[in-house]
Amino acid sequence: MSFTSITNILQELVDGVNGALAATIMGIDGLSIQQYMGPGEYDVETVGVEYGKVVEEIKNASKLLNLGEIEEIMVATSDNDVLLRMISPEYYL
């Protein structure tokens with residue numbers, strides 16, 4: 001039986017996407033479960049914490065408007081894009 005760690009999965013994700021900087025699994029409470037950063041400096045944990053606040057607000061708005069559960073949030077900035085994907089009601093990637 002082969003065992004792949006969460007870190008290995010995050011590394012494959014980052015290494016497999018051209019231009020990807022980092023990946024993390026975060027709890028809605030702002031706690032990082034696991035993270036992987038590619039070469040270079042990138043504070044993925046702080047990004048995850050700060051955007052986690054946005055995830056909670058969007059979840060609340062979606063519920064209030066009866067739009068269904070959010071699955072993914074894309075934030076495009078002038079320097080980078082941030083993709084937040086819900087992997088359970090309490091955790092996102």
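See the structure printed just above.
Keep in mind that this is a model prediction, so the values were computed, not measured.

Scoring rules and cut-offs
- Residues numbered from 1 in each chain as written.
- Predicted model: local features only at pLDDT ≥ 70, side-chain atom pairs only at ≥ 80, totals over all residues.
- Heavy atoms only, no water.
- 1 Å grid on protein atoms, 1.4 Å probe; cavity = no way out; pocket = protein on both sides within 12 Å on 5 of 7 lines; lining within 4 Å.
- Points joined across faces, edges and corners; volume = space filled by probe spheres on them.
- Helix = DSSP H or I, 4+ residues; strand = E, 2+ residues; numbered from the N terminus.
- Nonpolar A, V, L, I, M, F, W, Y, C, P; charged D, E, K, R; others polar.
- Patch = residues over 30% accessible without salt bridge, like charges linked within 9 Å, V, L, I, M, F, W, Y side chains within 5 Å.
- Areas by Shrake-Rupley, 256 points an atom, 1.4 Å probe, with all protein chains shown as cover.
- Salt bridge = Lys/Arg side-chain N within 4 Å of Asp/Glu carboxyl O.
- Buried < 20%, exposed > 50% of the residue type's maximum accessible area, 1.4 Å probe, protein only.
- Contact = heavy atoms within 4.5 Å.
- Pairing = 2+ DSSP bridges.

A. Local environment of the layout of surface pockets. For the largest pocket, the calculated volume is near 580 Å³. Looking at the largest pocket, it is lined by 23 residues, and the ones nearest its centre are Ala 22, Ala 23, Asp 81, Val 82 and Leu 83. With five residues, the single largest contributor to the lining of the largest pocket is strand S4 (residues 81–88). Tallied by class, residues from the lining of the largest pocket come to 16 nonpolar, five polar and two charged.

B. Up close: a nonpolar patch on the surface. Together, Ile 33, Ile 87 and Tyr 91 line one region of the surface with nonpolar side chains, adding up to about 280 Å² of accessible area. Given a relative accessible area of 47%, Ile 87 falls into the partly exposed group.

C. Highlighting the side chain of Ser 62. You can see Ser 62 is positioned in helix H2 (residues 44–64). For Ser 62, a relative accessible area of 8% gives the class buried. When neighbours within four sequence positions are excluded, Ser 62 is seen to be in contact with Leu 67, Gly 68 and Ile 70.

D. Spotlight on the pairing of strand S3 (residues 72–76). Only one face of S3 is buried: it carries Ile 73 and Val 75, and the other face, with Glu 72, Met 74 and Ala 76, is open. In this sheet, S4 lies alongside S3 in antiparallel orientation, the contact comprising five bridges. Within S4, the residue paired with Glu 72 across the bridge is Arg 85. The antiparallel hairpin formed by S3 and S4 contains four residues in its connecting segment.

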